[in-house]
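One-letter residues, chain by chain:
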Amino acid sequence: AVLRSLRAASSATADSAASASDEGYKRPPDDLAQFTERPPSPNITLSPDRKQLLYLHRPPSLPPVAELAREEIKLAGLRIDAVQNSGSRMGHQTKLSIGALPTTEAEIGAFEDFTGYPTGALLNYVSWSPDGTKIAFTVRSSGEAGQPPRGPPTLWIADATTRQCKVLLSTRKLNTIFGSYSWLNDDTIVACCIPENRGPAPTRPETPFGPRIQGNKGGDVRQARTYADLLKDSHDAELFDYYCKSEYVAVDVKTGNAKPWGSAGARLYTRCDPSPDGKFAIIETLERPYSYSVPCGRFPKKIWIADANGVPVREIANLPLAEDIPIVHNATRQGPRAVNWRPDKVSELYWTEAQDGGDPRNEVSPRDVTYAVDMSEDVVAAPKVMFHTDYRYGGVAWGADDFAILYESWYKTRTSRVWATKPGDAEPNSTKRMLWERDYEDSYNSPGSFVTRRTEDGSYVLARVIGPTPLGEGTASGPGMKLLLEGEGANPEGDKPFIDLFDVDTGAKHRLWESKPPYLERPGSLISDYGGPEEAPITLDTMRILFSRESPSENSQYFSLAMRADGQPGAETRISDFPHPHPDLKDLPKEIIKYTRDDGVELNATLYTPPGYDAARDGPLPMLMWAYPREFKTKEAASQLRDSPYRFTGIGPSSALVWLARGYAVLDGPALPIIGEGEGVEPNDTYVEQLVAGARAAVNEVVQRGVADADRIAVGGHSYGAFMAAN
């Protein structure tokens, strides 16, 4: 009966929406407009020297209907705005401001606006120069009344001291479908530009070139996923070339002088990633033949290294079309992947290659091999074998030649492994040492993630704590190395994010800091790391950390925390004072409730009721359940709480919580675990049965509490949650 009521409520809501659609678009009532029309707090970024804050002011979260109605060109898995030659429906910033990182109350919220860019411009792709003296960004027009016509973005530059802005490439427009620009060094930007003298877009011929033919004569039988917005014919392929091909242009940010960079002519560039010293760059392009079966991420790809002038010096990979990647977890593309620069080296390249053909069903050892080449010594040197993994390679956190962290994981068993390695050894794989192996679904016992610090060239490496610590002397290298771990701190009472000191040799930990009730506090980045490991070593008595603090009624604010030499938290300094986004709904009743599924699995959800609600006095309310199922391998992991009772009750325009303003109760995030316990058992084997069991348990709990009316409960969700609602 309960589940029938769920469907009936959903159907009634849909019928009401359909009849209302005939009346045209309207401004929402005032009690709902507060969620759609009030701009959110600005984003902030720290300057490289950790002395200034850049404020990126944002518009209201919902875009205008006119923007949503614009035509999209759908090609190879992309949705393109043809007028802007960009991805469609881009967000943006409305204004840029800068101020000192506050050290006193008077400095909080004290900033000055940048000037020189057009009033009403839409700003995107904002980034600091490596030395922090300049800020690059793009400018485009909304095309609204009083604004210039819409078109592709242009590249601008701002002086961080004078706050003056100027256009950097006045004669070239950017192609931002795959990229925008990259800082090659402090004074040079490589911009991804629309090809010069490009003509009009190709038009579809009145007579098709010919039928689209697909065959299976080769006997190659394989599973295929269903993808949206694929190429359909040769005309689509021509449009894909037209909108996605670009030319690289190098521009001097001081003089504005520009020149072609790299290969002559337009190519379908997807990546330009300079090395830490700016002397090389990883370049990637997509190549033909294209596919009608998979999106562009599977198209043939070339990866090579260019020098500082864009001249190719080494090919890394020429990958064929990848239509045959198996549809199983841990499957991957064959050939070099995850091609990146080591952040602790000036220009050392590393990448990984599957040894199992990219198919995890093939039993091989090793499964992945990671290679490296030091381009600063010899651009054509043979690759050095760095690491082997028997699970699927998951990345490296680099420190220096004497230490790095290697990750691998395996979905079938939900297992992760973390290794301590010495990349500078002659055979690093033979000297690696396991730090831990664990069930990565087990949130309660998660050790957290290693903290990184900034280097002189703007890259990030593992943060080492030097000098006296509660775990003994921290060293810059060799025995005695101390690192930092930060994590969510999940536990049955709710998340308590933390920062731990970690002894690499013994595995011992010391808790330096932990979130404390009645707040939810989350650690951020180090802000005492400017100058690099040699000039600015991390010690306990000089360590400063950025963190955020919130409560159910107080929106998130930023603070800096100074640690003490004895390993205890020291002085805090508030650095933001953002206004409450919806002060009229500041004190919303909120409770994390716990209940049990009929098979014994413990579940939880967050229950919200309107301000002033009293169940005994007001009786049951109509309720919206907003959920997103998750897959688990064990009941123990599925039963864990992954939330905090002190999380801020933020209400955005697409949040289910807007219904609180209309007197509804909301059950947010009810746990709907889909468990596949045992060998050969997959979660989706009993998807619907477990979904129904979880929903029934949630409904029974809120009805038993007298909060919800069993005949007026609707269920909804986004993406996989929408799939859940349909089932």
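Refer to the structure above for everything that follows.
Read on for a plain summary of the structure. Residue indices begin from 1 for each chain and proceed along its sequence in written order. This being a predicted model, a pLDDT of at least 70 is required before a residue's local features are given, and a value of 80 or more before pairs of side-chain atoms are given or counted; all residues contribute to the totals for chains, interfaces and linings. Each side-chain value is worked out from all heavy atoms of the structure, with water and hydrogens disregarded.

With respect to the overall build of the chain
- Per the convention used, a helix needs a DSSP run of H or I reaching at least four residues, while a strand needs a run of E reaching at least two, with both numbered from the N terminus. Each helix and strand counted, the chain has 9 helices and 44 strands in total.
- Each radius of gyration reported is based on C-alpha atoms, and the globular scaling rule is 2.2 Å times the count of residues to the power 0.38. By the compact-globule yardstick of 27 Å for 727 residues, the chain fits well, its C-alpha radius of gyration being 27 Å.
- For the C-alpha atoms alone, the extent of the chain along its principal axes is close to 75 × 75 × 65 Å.
- Only protein chains enter the accessibility calculation, which uses a 1.4 Å probe; a residue whose area is less than 20% of its type maximum is buried, one above 50% is exposed, and one in between is partly exposed. When the 727 residues of the chain are sorted by exposure, 50% land in the buried category.
- Considering only contacts in the chain between residues 6 or more positions apart, those separated by 24 or more positions represent 57%.
- All accessible areas in this document rest on Shrake-Rupley with a 1.4 Å probe, and a residue is counted as covered only by the protein chains that are shown. For the chain, the exposed surface amounts to about 33500 Å²; the carbon and sulfur share of it is 51%.
- Counted as positive: Lys and Arg. Counted as negative: Asp and Glu, with His and the chain ends omitted from the count. To locate a charge, take atom NZ for lysine, CZ for arginine, CG for aspartate or CD for glutamate. Within the chain, the 99 negative side-chain charges are centred at a point lying 2 Å from the centre of the 80 positive side-chain charges. Residues count as neighbours in contact if any of their non-hydrogen atoms are within 4.5 Å of one another.

Observations regarding helix α4 (residues 234-244)
- With 9 of its 11 residues buried, α4 lies for the most part within the structure.
- Considered for burial, the residues of α4 that qualify are H235, D236, A237, L239, F240, D241, Y242, Y243 and C244.
- Packing partners of the buried residues in α4 comprise β3 (73-75), β4 (78-81) and β17 (280-286).
- Capping the start of α4, D233 holds a side-chain oxygen 3.2 Å from the backbone nitrogen of H235, two or three residues further along. We define a polar contact as two N or O atoms separated by no more than 3.5 Å, with the added condition that, inside protein, one atom must be a possible hydrogen donor and the other a possible acceptor, whereas residues neighbouring each other in sequence contribute only through side-chain atom pairs.

Observations concerning helix α8 (residues 687-704)
- Any helix carries an expected span of 1.5 Å times its number of residues minus one. When the terminal C-alpha atoms of α8 are compared, their 26 Å separation across 18 residues agrees well with the 26 Å that a helix rising 1.5 Å per residue should span.
- Taken residue by residue, α8 has Y687, Q690, L691, A693, G694, A695, A697, A698, V699, E701 and V702 as its buried positions.
- Within two residues after α8, G706 carries a phi angle of roughly 80°, on the positive side.

What to know about the sheet that holds β17
- The pairing criterion is simple: DSSP has to find at least two bridges between the two strands. Within the open sheet, the 4 strands sit side by side as β16-β17-β18-β19. Their pairing is antiparallel. The open sheet has two edge strands, β16 (269-274) and β19 (312-319), and neither has a second partner. On average, adjacent strands in this sheet sit at an angle of 15° to one another, irrespective of strand direction.
- Bridge count for strand β18 (residues 301-307) against β19 is 6 bridges, and the pairing is antiparallel. By the bridge assignment for β19, W304 is matched with E315. Orientation is described by lines fitted to C-alpha atoms, with helices fitted over the stretch in contact, and by angles between N-to-C directions that extend from 0 to 180 degrees.

Description of the sheet that holds strand β13 (residues 188-193)
- The 4 strands lie next to each other as β12-β13-β14-β15, forming an open sheet whose pairing is antiparallel. Two strands in the sheet have a free side with no partner beyond their single neighbour: β12 (181-185) and β15 (258-260). Going across the sheet, the axis of each strand differs from the next one's by a mean of 30°, ignoring polarity.
- Here β13 runs beside strand β14 (residues 247-252); their pairing, made up of 6 bridges, is antiparallel. Looking at the pairing, C192 lines up with Y248 of β14.

Details of the pairing of strand β38 (residues 590-596)
- The pairing of β38 with strand β39 (residues 602-608) spans 7 bridges and is classified as antiparallel. Opposite K590, over in β39, you have Y608 as the bridge partner.
- Taking the residues between adjacent antiparallel strands as the criterion, β38 and β39 are bridged by 5 residues, where G600 takes a positive phi near 95°.

Observations regarding unusual backbone geometry
- With an omega dihedral of 0°, the bond running from S365 to P366 counts as a cis peptide bond.
- Relative to the assigned elements, P366 resides in the loop between β21 (348-354) and β22 (368-374).
- The linkage connecting P517 with the following residue, P518, adopts the cis geometry, with an omega of 5°.
- The phi dihedral of N85 is positive, around 50°, even though this residue is not glycine.
- On the secondary structure map, N85 appears in the loop between β4 and β5 (86-87).

A short note on the environment of W419
- Looking at the secondary structure, you find W419 in strand β26 (residues 415-421).
- A C-alpha to C-alpha distance of 36 Å links W419 and A605, two positions 186 residues apart in sequence.
- Apart from the residues within four sequence positions on either side, W419 is in contact with A404, I405, L406, E408, K432, R433, M434 and L435.
- There is a polar contact of 2.7 Å between the side chain of W419 and the side chain of E408.

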